[in-house]
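# Coordinate inspection notes
Here's the letter readout for the chains.
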Amino acid sequence: MITKDMKASQVLADYPETVNVFLQISPHFKKLNNKVLRKTLANRVTIQQAASIAGVELNKLLYELNKSINKEIHIDNFFQEEKMNQTIEKPEILNSISDDKIIGLDVRPILNSGKDPFLDIMNKVKSLENEQVLMIINSFEPVPLYSVLGNKGFEHWTEKINDEFRVYFFKTNPANKTLNNNVQAEKDLSDFENVIEIDVRELPPPEPMMKIFEKLPEVDDETILLVHHHREPVMLYPKLEERGFEAVSNKIEDNYYKVLIFKKRFN
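Residues numbered from 1 in each chain as written. Predicted model: local features only at pLDDT ≥ 70, side-chain atom pairs only at ≥ 80, totals over all residues. Heavy atoms only, no water.

### Section: the pattern of salt bridges
Heads up, the rule is: We count a salt bridge whenever a side-chain nitrogen from Lys or Arg sits within 4 Å of a carboxyl oxygen from Asp or Glu. Summary of the burial criterion: residues with accessible area below 20% of their type's maximum are buried, those above 50% are exposed, and those between are partly exposed, where the area comes from a 1.4 Å probe applied to protein chains only.
The full count for this structure, using the stated rule, is eight salt bridges. Where Glu218 meets Lys215, a salt bridge forms, and the shortest distance between an N and an O atom there is 3.6 Å. Residue classification places Glu218 among the partly exposed residues on the basis of a relative accessible area of 41%. Assessed through its relative accessible area of 23%, Lys215 is described here as partly exposed. Among the ionic contacts, a cluster of salt bridges with common partners joins Asp106, Arg108, Glu164 and Arg166.

### Considering the side chain of Ser26
Let me state the cut-off plainly: Secondary structure is summarised from DSSP: a helix means a run of H or I of at least four residues, a strand means a run of E of at least two, and numbering begins at the N terminus for each. Every residue pair with non-hydrogen atoms within 4.5 Å of one another is taken to be in contact.
Position of Ser26 among the secondary structure elements: in the loop between helix 2 (19-25) and helix 3 (35-42). When neighbours within four sequence positions are excluded, Ser26 is seen to be in contact with Ala54 and Val56.

### A short note on the pairing of strand 8 (residues 256-263)
Consecutive residues of a regular strand have side chains that alternate between opposite faces of the sheet. Which entries qualify depends on this criterion: Strand pairing is assigned whenever DSSP identifies at least 2 bridges connecting the two strands.
Where burial is concerned, most of strand 8 is hidden: six out of the eight residues are buried. Taken together, the five bridges between strand 6 (residues 223-229) and strand 8 define a ladder with antiparallel strand orientation. Counted as the bridge partner of His229 is Tyr257 from strand 8. Here strand 7 (residues 245-253) runs beside strand 8; their pairing, made up of eight bridges, is antiparallel. Paired with Lys251 across the two strands is Tyr257, which belongs to strand 8. With antiparallel pairing between neighbouring strands as the criterion, strand 7 and strand 8 make up a hairpin whose turn holds two residues, including Asn255 at a positive phi of roughly 65 degrees.

### Here's the deal with the sheet that holds strand 3 (residues 155-161)
The following threshold applies: To obtain an axis, a line is fitted to C-alpha atoms, over the contacting stretch when the element is a helix, and the angle between two such axes runs from 0 to 180 degrees between their N-to-C directions.
The four strands are arranged 1-2-4-3 in an open sheet whose pairing can be described as mixed. Sheet topology places strand 1 (102-106) and strand 3 at the edges, where each strand pairs with a single neighbour. Adjacent strand axes in the sheet meet at a mean angle of 20 degrees, parallel and antiparallel pairs treated alike. Bridge count between strand 1 and strand 2 (residues 133-138): five bridges; the pairing is parallel. Note that in strand 2 the partner of Gly104 across the bridge is Met135. The strands that helix 10 (residues 143-150) touches are strand 2, strand 3 and strand 4 (164-170); relative to strand 4, the one it contacts most, it runs at about 5 degrees.

### Here we look at the environment of Asn59
Mapping Asn59 onto the fold places it in helix 5 (residues 58-68). C-alpha of Asn59 to C-alpha of Gln48: the two residues are eleven residues apart in sequence and 9.1 Å apart in space.

### Observations regarding the confidence of the model for the protein
Note that predicted coordinates carrying low pLDDT should not be read in detail. Condition: For every residue, the predictor reports its confidence as pLDDT, a number between 0 and 100.
Residues with a pLDDT of 70 or more make up 83% of the protein, whose mean pLDDT is 80. Summarising per-element confidence for the protein, the mean pLDDT is lowest in helix 6 (residues 75-78) (45) and highest in strand 1 (96). Confidence over residues 75-87 falls short of pLDDT 50; this stretch has 14 contacts with residues more than four positions distant or in other chains.

### Examining the pairing of strand 5 (residues 194-199)
Applied cut-off: A clockwise path from the first strand over the helix to the second, with the strands pointing away from the viewer, defines a right-handed crossover.
In this sheet, strand 6 lies alongside strand 5 in parallel orientation, the contact comprising six bridges. Its bridge partner being in strand 6, Asn194 is matched across the sheet by Thr223. Note that the unit made of strand 5, helix 12 (residues 207-215) and strand 6 has a crossover that is right-handed.

### Side note on the sheet that holds strand 7
Taking strand neighbours across the sheet as the criterion, the four strands line up as 5-6-8-7 in an open arrangement whose pairing is mixed. The strands lining the two open edges of the sheet, one partner per strand, are strand 5 and strand 7. Pairs of neighbouring strands in the sheet enclose a mean axial angle of 20 degrees, with direction left out of account.

### A short note on the environment of Val133
With respect to the element layout, Val133 can be found in strand 2. Using a relative accessible area of 1% as the deciding quantity, one classes Val133 as buried. On a C-alpha basis, the gap between Val133 and Ile93 in space is 9.8 Å, while along the polypeptide they are 40 residues apart. With residues up to four places along the chain from it excluded, the contact list for Val133 reads Leu94, Ile97, Lys101, Ile102, Ile103, Leu128, Tyr168, Phe169 and Phe170.

### Observations concerning the environment of Leu226
Of note, Leu226 is situated in strand 6. For Leu226, the residues in contact, after removing those within four places along its chain, are Val195, Ile196, Glu197, Ile198, Lys258, Val259 and Leu260.

### Thoughts on the nonpolar core
Filter applied, for reference: Note on terminology: a nonpolar core comprises buried Ala, Val, Leu, Ile, Met, Phe, Trp, Tyr and Cys residues joined through side-chain atoms within 4.5 Å.
One finds Ile47, Leu61 and Phe169 to be the most contacted residues of the largest nonpolar core, which totals 44 residues. Secondary-structure elements contributing two or more residues to this core are helix 1 (8-14), helix 2, helix 4 (47-54), helix 5, helix 9 (118-127), strand 2, helix 10 and strand 4. Once residues lying within four places of it in the same chain are set aside, the contact partners of Leu61 are Val21, Phe22, Ile25, Ile47, Ala51 and Val56. Membership of the second largest hydrophobic core comes to 14 residues, among which are Leu216, Leu225, Leu240 and Ile261.

Below, the structure is given as structure tokens:
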């Protein structure tokens, strides 16, 4: 049975016939016709996130997907209250910031050319100066980006104008957040009795992520994983979050990051 927490890429891999369901249920999914975008975009989103991005009802998408793979479906199992289209007041920081501090990036032309805009977005993020805000313009809501940039200390606010989504990524106190991250990294390393250390800088993708996942079972409350990486592994953060881990990355120099991975501690 296909559930809301399954990755779209997993569903498409296990049940190739479901691509027609995505294409028929919303024009937002037409990019799945492009094999490159299908591989990169579908790998980042769950079925629940895909429904949100496309603006379709989650239960309807689940029903149609399961029907297409000839599963016996009890509709009552799918229908649950979803928090959809919540109106969130615009943060005060965005009301007070000057227009010259807002850095815009329209990713629609990039997507229309058949390319993945993720690297363009991350390059913009790296170039942001203090107090600058990144505004992403897209034809759909980039839900997976919220957790990726959230792990880098960004908050977000989204507005929809006609068929255009504008997502503002900002830090309420950039200087303090950077300082706190560095302090946290040092504290976490000294708090643990055991350190597992691996170097993935010479490994081609996706081997660095695979190597990290191989080591995760060895990470417990007294053990921290120190990874020497050639870049900040932003796509790793949400995957670690799902598994109950946290990560802090520190840039040492160009093409060299130290990434600390440890289990979440719940008070």
